[in-house]
Amino acid sequence: MKKFFSLLLVLLLAFALVGCGSKGNEPADDQTGGDEPQTLHLGFVTDVGGIDDKSFNQTTYEGLLKFQSENENVEVKYLQSNNDADYIPNLSSFCDEKADLLVAAGFLFDGAMSEVLTTYPDQKALIIDVDWLDASAFPNLRQVAFAVEQGTYLAGIAAGMKAVENGSKHVGMVIGNESASMDPFFAGFQQGVWSVDPEIIIDYDNAMSFNEPEKGSTLAEKQFNNGATVIFACAGSTGNGVIANAVERCKNGQEVWVVGVDTDQYSYGVYDDAGHSCILTSAMKRVDVAAYDAAKDVAAGTFTGGVKLYTLSDRGVSLPEENPNLTEDVLAAVEAATNDVVNGVIEVSKTAVYGDTDARVVGFYSSATE
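Notes on the structure in this doc start here. What you see is a predicted model; the values in this text were computed from it and never measured. (Residues numbered from 1 in each chain as written. Predicted model: local features only at pLDDT ≥ 70, side-chain atom pairs only at ≥ 80, totals over all residues. Heavy atoms only, no water.)

### Regarding the overall build of the chain
Filter applied, for reference: We count a stretch as a helix when DSSP gives it H or I for four or more residues in a row; a strand needs E for two or more, and each element gets its number in order from the N terminus. Buried residues are those whose accessible area, probed at 1.4 Å on protein chains only, stays under 20% of the maximum for their type, while exposed residues exceed 50% and partly exposed ones sit between those limits. Two residues form a contact once any of their heavy atoms are found within 4.5 Å. Residue exposure ignores everything except the shown protein chains as possible cover, and the areas themselves are Shrake-Rupley values with a 1.4 Å probe.
The secondary structure content of the chain amounts to ten helices and 13 strands. Buried positions account for 50% of the 370 residues belonging to the chain. Within the chain, contacts between residues separated by at least 24 positions form 69% of all contacts whose residues are at least 6 apart in sequence. By element, 51% of the accessible surface of the chain is carried by carbon and sulfur atoms, the whole surface being about 17400 Å².

Okay, structure coming up:
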């Protein structure tokens, strides 16, 4: 009997050892025997406008989500900045997590990104709306710029033609803050407006904030009351206040319009059950494409630093493909202008003029913010 149990114990141990050995050596389900696919980690840090600003931050994030939806093993995370003191901690957090790509939305990140990448020089990163950082100092940083003046030139044509149609010859612009990257927005817009009629007056106001819709509404109230027919809202979520003010006016029977920014904002201006919108058109800056392209390059192992410029030629800037509120005449004028810009017939200035040098601009550039 002892021999029987001894033999049984030996057999059980043998089976156990065979079982453990075979489990570790079995090929994976894909029969490749290799490691599981690595997850691509994408970390996005918003500016103060928030992830759902219906503009710059949201559109950048949507570009990353689009890449995620089209590819397996991609993780997208974001950290929201409530003020500029959050920039460095948020950026550093993703570096500590060893994100495969760090993305920052906006020119306000230039100093914070420089400081963080000095500490984490191997971190691959994308910064949008910046093209002035030392590329040799930050070889793993892709700086993305847009020929925004080309897109806003087209929007200015649409706004100018609408103003002339309404007999007002008066438009406006509300910005979030003044900067080297914001100036071309105004430059292209005013050049487009004045190409329609050089006597059109442009109200200009700086909200000094990208995250205060109530300020946007207040400034829109002033400009609409001053006679502006169309306002270009170039102010992040502050611009949502401009749209909200226009929506209420349209509900009350007024005809006023807003030019959206960065993304197609038509749906944000809907004011009735029929789907009519106060958004005349939108000056789109394809930050979603920039984010998508950077993620794609990291995944393919082809990511490079340096400066990348998106233009009207590659539709990095444009008006939306569908513009329900633009007439055939306006669309034809926009198409002709697009061809002239792409073919070099028209050069759009990157430098705006302000009320201290041109009486047609009601508003002044604040040198304290330069």
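### Examining the pattern of salt bridges
Filter applied, for reference: Counted as salt bridges are all cases of a side-chain nitrogen of Lys or Arg within 4 Å of a carboxyl oxygen of Asp or Glu.
Under the criterion given, the structure shown has 13 salt bridges. Glu 221 is the salt-bridge partner of Arg 249, the closest N and O atoms lying 3.3 Å from each other. With Arg 249 in helix α8 (residues 238-251) and Glu 221 in helix α7 (residues 213-225), this residue pair connects regions lying 28 residues apart in the sequence. Judged by relative accessible area, Glu 221 falls into the partly exposed class, the value being 35%. Arg 360 is paired through a salt bridge with Asp 358; the nearest N and O atoms lie 2.8 Å apart. Take Arg 360: its relative accessible area is 25%, and that puts it in the partly exposed class.

### Observations regarding the packing of helix α5 (residues 148-165) against helix α10 (residues 328-342)
Basically, it comes down to this: Under this scheme, a helix contributes an axis fitted over its contacting stretch, all axes are lines through C-alpha atoms, and angles between N-to-C directions fall in the 0 to 180 degree range. Oblique is the label for every angle not falling under 35 degrees (roughly parallel), over 145 degrees (roughly antiparallel), or within 65 to 115 degrees (roughly perpendicular). We call a crossing left-handed when the near helix sits turned anticlockwise from the far one by less than a right angle, and right-handed when that turn is clockwise. Amino acid classes used here: Ala, Val, Leu, Ile, Met, Phe, Trp, Tyr, Cys and Pro are nonpolar; Asp, Glu, Lys and Arg are charged; the rest, including Gly, are polar.
Packing of α5 against α10 leaves a shortest axis separation of 10 Å and a crossing angle of 150 degrees. Taken as axis vectors, α5 and α10 run roughly antiparallel relative to one another. Remark: the crossing between α5 and α10 carries right-handed chirality. Counted together, Gln 150, Tyr 153, Leu 154, Ile 157, Ala 158 and Met 161 of α5 and Asp 329, Val 330, Ala 333, Val 334, Ala 337, Thr 338 and Val 341 of α10 form the full contact between these two elements. Considered class by class, the residues forming the contact of α5 with α10 number ten nonpolar, two polar and one charged.

### Looking at the side chain of Glu 149
Here is the rule: When charges are counted, Lys and Arg are positive and Asp and Glu negative, with His and the chain ends excluded.
Structurally, Glu 149 is set in helix α5. Comment: no salt bridge for buried Glu 149; closest opposite-charge side chain is Lys 350, at 4.5 Å. In this structure Glu 149 touches Pro 184, Gly 188, Val 348, Ser 349 and Lys 350, once residues within four positions along its chain are discounted.

### So, the pairing of strand β6 (residues 170-175)
Selection rule: A pair of strands is labelled paired if DSSP reports no fewer than 2 bridges between them. A clockwise course of the path from the first strand over the helix to the second, judged with the strands pointing away from the viewer, identifies a crossover as right-handed.
The element β6 is largely enclosed, with a buried count of six among its six residues. In β6, alternate side chains face the same way, and those of His 170, Gly 172 and Val 174 on one face and Val 171, Met 173 and Ile 175 on the other are all buried. By the bridge criterion, six bridges tie β6 to strand β7 (residues 201-206) in an arrangement that is parallel. The residue of β7 that forms the bridge with Gly 172 is Asp 203. Note on the crossover from β6 through helix α6 (residues 183-196) to β7: the handedness is right-handed. Sheet analysis places β6 next to strand β8 (residues 230-234), joined by five bridges and oriented parallel. Pairing of Val 174 across the sheet is with Ala 233, part of β8.

### Some thoughts on the packing of aromatic side chains
Each pair of aromatic rings is reported with the distance of its centres and the angle of its planes. Here is the rule we go by: Two aromatic rings from Phe, Tyr or Trp, using only the six-membered ring of Trp, form a pair when their centres are within 6.5 Å; if the ring planes differ by under 30 degrees the pair is stacked, by over 60 it is edge-to-face, and anything between is tilted.
Here the structure, examined in full by the defined rule, presents ten aromatic pairs. Aromatic side chains Tyr 61 and Tyr 78 sit 5.2 Å apart centroid to centroid with 70 degrees between the ring planes, which places their arrangement in the edge-to-face category. With Tyr 61 in helix α2 (residues 56-70) and Tyr 78 in strand β2 (residues 74-79), the pair connects residues that are 17 residues apart, well separated along the chain. Of the residues examined, Tyr 61 reaches a relative accessible area of 16% and is grouped as buried. Between Phe 107 and Phe 210, the ring centres sit 6.3 Å apart and the planes meet at 70 degrees, which makes this aromatic pair edge-to-face. Residue Phe 107 is found in the loop between β3 (101-105) and α4 (110-119), and its partner Phe 210 is found in the loop between β7 and α7; the two are separated by 103 residues along the sequence. In terms of burial, Phe 107 and Phe 210 fall into one category: buried.

### Quick notes on the nonpolar core
As a reminder, the rule being used: Residues enter a nonpolar core if they are buried and are Ala, Val, Leu, Ile, Met, Phe, Trp, Tyr or Cys, with the set joined through side-chain atoms within 4.5 Å.
Grouped together as the largest cluster of nonpolar side chains are 89 residues, with contacts concentrated most on Leu 42, Leu 91, Leu 101, Met 113, Phe 146, Val 171 and Phe 232. Sort the elements by how many residues they give to this core and α5 lands first, with eight residues. Counting residues in hydrophobic clusters, the runner-up holds 17 residues, among them Ala 207, Ile 231, Ala 233 and Ala 246.

### Observations concerning the packing of α2 against helix α9 (residues 287-300)
In the contact formed by α2 and α9, the axes pass within 7 Å of each other and the chain directions differ by 40 degrees. For the pair α2 and α9, the crossing hand works out as right-handed. Residues Phe 56, Thr 59, Thr 60, Gly 63, Leu 64, Lys 66, Phe 67 and Glu 70 of α2 lie in contact with α9, whose contacting residues are Val 287, Asp 288, Ala 291, Tyr 292, Ala 295, Lys 296 and Ala 299. Across the contact of α2 with α9, the residue classes break down as eight nonpolar, three polar and four charged.

### Here we look at the sheet that holds β3
What the six strands build is an open sheet, ordered β2-β1-β3-β4-β5-β11; its pairing is parallel. If you trace the sheet from one side to the other, it starts and ends with β2 and β11 (306-310), each paired once. Adjacent strand axes in the sheet meet at a mean angle of 20 degrees when their direction is disregarded. Judged from the six bridges that link them, strand β1 (residues 40-45) and β2 form a sheet pairing that is parallel. If you follow Leu 40 over to β2, its bridge partner there is Val 74. Helix-sheet contacts for α9 involve β1, β3, β4 (125-128), β5 (141-146) and β11, and the interaxial angle to β5 is about 155 degrees.

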